[in-house]
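Given next are the chains, with one letter for each unit.
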Amino acid sequence: MPWLKGSIRFNLALGLPALVLALLVALVVGFASEDFLRPGNLGNLVNRIVPLGLVALGEAIVLFAGRIDLSVGSVMSLGTAIMATASAGLGWLAIPLALAAGLSCGLATAAGVVFLRVNPLIMTLATSAIVKGLTLLLLPSPGGEVDYLFYEAFFGMDEPLGLPLYLILAVFLLAFVVLGWSRFGRSLYAVGSDERSAYANGVPIARVDFVVFGLSGLLAAAAGVIMSIRILSGDPPVGDPYTLDAIAAAVLGGVALQGGRGNVLGVLVAVVALVLISNAFNLMEINTNVQAIAKGLIFVLALVFFMRGKAGAVAP
Amino acid sequence: MNAALSQLRPAGASLRALALLVALLAVFFIALGRFSPMLALDNIRQAAPLGVVVLGQALVLMMGRLDLSVGATASLANIVLASVFAGDMANLVPALAATFGAGLLVGLANGLMATKLRIPAFLATLASSLIIAGLIIFFTGGSPRGSVPAGFRTITEAWFLGLLPYSALIWLVLLLGVLVLVHFTMLGRKMLLAGANPVAARHSGIPADALVVLSFVLCSLLATVGGILLSAITGMASIGVGNAYTLDSIAAAVIGGAVFAGGVFLPLGAVAGTLILSFVQSLLYLLSLPAAAKFIVQGAIIVLALALANLRQEKSS
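Report follows, based on the coordinates. (Residues numbered from 1 in each chain as written. Chains lettered and ligands numbered in written order. Predicted model: local features only at pLDDT ≥ 70, side-chain atom pairs only at ≥ 80, totals over all residues.)

Regarding its fold elements, chain A presents 14 helices and zero strands. The helix and strand sequence of chain A, counted from the amino end, reads α-α-α-α-α-α-α-α-α-α-α-α-α-α. Its C-alpha atoms give chain A a radius of gyration of 19 Å, within 12% of the compact-globule value 20 Å for 316 residues. With respect to the three principal axes, the spread of C-alpha positions in chain A is 55 × 45 × 35 Å. A burial count over chain A gives 54% of its 316 residues as buried. Once local pairs closer than 6 in sequence are excluded, the contacts in chain A between residues at least 24 apart make up 80%. (Helix = DSSP H or I, 4+ residues; strand = E, 2+ residues; numbered from the N terminus. Rg over C-alpha atoms; globule rule 2.2 N^0.38 Å. Buried ≥ 20, exposed ≤ 12 C-beta atoms within 10 Å, placed from the backbone. Contact = placed C-beta atoms within 7 Å.)

Our next topic: the overall build of chain B. Helix and strand content of chain B: 14 helices and two strands. With the principal axes as the frame, chain B shows a C-alpha extent of 55 × 50 × 40 Å. Split into buried and exposed, the 317 residues of chain B put 51% on the buried side.

Between two packed helices, what matters for the description is the angle formed by their axes and the separation of those axes. Residues and elements named next belong to chain A. As a packed pair, helix 2 (residues 16-32) and helix 13 (residues 264-283) sit with axes 8 Å apart at the nearest point and diverge in direction by 25 degrees. For the element pair helix 2 / helix 13, the angle class is roughly parallel. Of the two elements, helix 2 crosses helix 13, and the hand of that crossing is left-handed. Each of Ala18, Leu19, Leu21, Ala22, Val25, Ala26 and Val29 in helix 2 lies in contact with helix 13, whose residues at this interface are Gly266, Val269, Ala270, Val272, Ala273, Leu276, Ile277, Asn279, Ala280 and Leu283. Partitioning the contact of helix 2 with helix 13 into residue classes produces 15 nonpolar, two polar and no charged. (Axes fitted to C-alpha atoms, helices over the stretch in contact; angles between N-to-C directions. Parallel < 35°, antiparallel > 145°, perpendicular 65-115°, else oblique. Left-handed = near helix turned anticlockwise from the far one by under 90°. Nonpolar A, V, L, I, M, F, W, Y, C, P; charged D, E, K, R; others polar.)

Counting residues at the interface gives 38 residues for chain A, matched by 39 residues for chain B. Elements with a contribution of two residues or more to the side of chain A that touches chain B: helix 6 (120-138), helix 12 (240-252) and helix 14 (288-306) of chain A. By residue number, the principal contributor to the side of chain A that touches chain B is helix 6 of chain A, which donates 13 residues.

Written out as structure tokens, the structure reads:
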């Protein structure tokens with residue numbers, strides 16, 4: 001593949017460990033459990049890959065540019081809350097409403113980073129708090145209602161080859177092409193690799209900030225919409241673990257925390273690997289609290305083995 | 001002597017935070033409709049647990065790192081303390097030993113992850129907070145047992161000579177402790193230097209990594225003290241009771257003028273920041289705003305404080 005050369009090939013190779021891990025887990029679980037290959041379980045896998053995949057994609061795009069977004073989980077929760085409160089009255093229009101809210105959260109974060117010069121880490125922590133407050137104002141406790149019609153339309157009969165699978169593949173392919181071959185995509189990697197040089201070469205840093213945080217908010221809200229359709233309600237804390245999961249998926253997929261390295265396809269494979277691991281835990285009927293502990297340890301291991309560059313490069 | 005005294009002069013950022021606190025107090029009493037110093041003191045009593053946690057966060061910030069696990073550590077202290085105490089004052093020594101032991105382990109783990117494993121501190125501590133939360137639910141099964149005996153609860157419920165709550169006194173003593181550590185001991189001076197410029201510190205023979213570990217251990221121990229004080233207030237074990245301290249402590253430190261690049265230690269600002277947060281919360285309660293408003297106000301305060309600090313910096317440079 002001569003067109004697949006240079007930095008793109010290099011960045012794709014960073015996702016290879018995640019691919020190996022995903023295949024290994026799939027093999028082990030496939031042999032260990034008869035339930036693994038049942039269409040019901042495969043459909044369930046896809047349904048879990050979609051929200052995490054969308055959040056992780058947004059996080060990865062932010063990381064490519066050398067920023068970090070700790071608000072994705074809260075924005076995702078906001079998405080579920082908007083769906084749960086507005087979909088009864090607005091119907092399908094609740095979806096663009098939730099997406100617009102997510103986009104606004106991202107743009108507000110970017111405004112803080114660009115105009116107020118607040119460190120992205122702290123800015124997204126602040127956005128996260130504000131969004132959490134708004135979510136709780138809208139929906140103080142888990143509840144509300146998302147009509148089953150949404151579920152039927154999106155998830156269908158929970159078969160593996162359905163709309164969710166096509167959606168996530170299409171989104172990732174689009175991101176793969178845009179980030180790899182468009183001027184914007186390359187400028188994003190340039191900012192992540194060396195912001196000063198990028199600026200000196202005429203890359204509009206502010207625009208990159210607005211686009212990456214906007215996309216991250218939009219994708220997190222989309223994950224929230226899909227999550228609310230899956231649980232048929234809204235849930236204020238549902239997105240909380242997704243922030244760490246998204247960063248873990250990105251790191252596992254070969255994305256460097258200091259920016260400029262990694263490929264979205266690696267992230268997709270890492271998402272599949274993480275979902276497979278959690279599915280394996282479920283099939284082995286391991287206590288969910290042990291799973292939470294295991295997830296934290298896996299995250300630390302992923303950071304130790306897959307993180308490129310030194311600590312402190314991403315201060316603080 | 002003069003040199004030593006000049007070190008005691010509070011920094012501008014601390015003074016600005018104090019001025020903001022005074023203004024907020026005026027607003028608070030106007031909204032209340034009467035002046036009541038006892039109410040203010042009671043607010044300080046309730047702010048003490050967070051205040052102690054913020055001192056630890058300030059130490060880690062001084063090293064140019066961030067600890068996102070202080071809330072989970074305080075929650076862990078609450079669970080361990082109440083379960084070992086089991087409502088009996090006779091268990092005082094084992095309860096305190098187990099609680100501080102747990103805090104020490106968390107701090108060591110955080111510090112070693114941030115230095116030896118070279119994981120960015122905020123991610124390492126985010127992971128450890130997740131693991132601590134999982135461990136708490138795993139070991140308690142979701143319904144924690146035990147309670148803090150009434151005798152121990154005097155540390156937050158009783159007042160020294162009827163004038164000053166004991167918890168405020170503990171806060172003050174710990175504040176003086178870290179102040180003396182950072183400004184008047186060789187160890188503290190080295191920590192400050194290592195936080196300001198780790199490379200230069202290393203070249204000067206200062207063990208920067210070890211000092212980072214030390215700052216995480218001290219931070220976790222102070223978060224543990226915060227959790228103990230909080231347990232004395234609530235008197236019982238409950239899941240995630242201290243979780244809000246993570247964001248609260250960062251907000252308080254930021255209001256107090258903390259700098260994320262490290263090398264700056266503003267204990268007085270940290271105290272003022274804590275009290276500002278506490279009085280804002282009381283004010284929200286007075287105005288009968290929903291609890292969710294707290295998050296929004298907190299996020300807005302963080303952004304505003306940092307934006308103002310940045311604008312000031314740009315003007316002066």
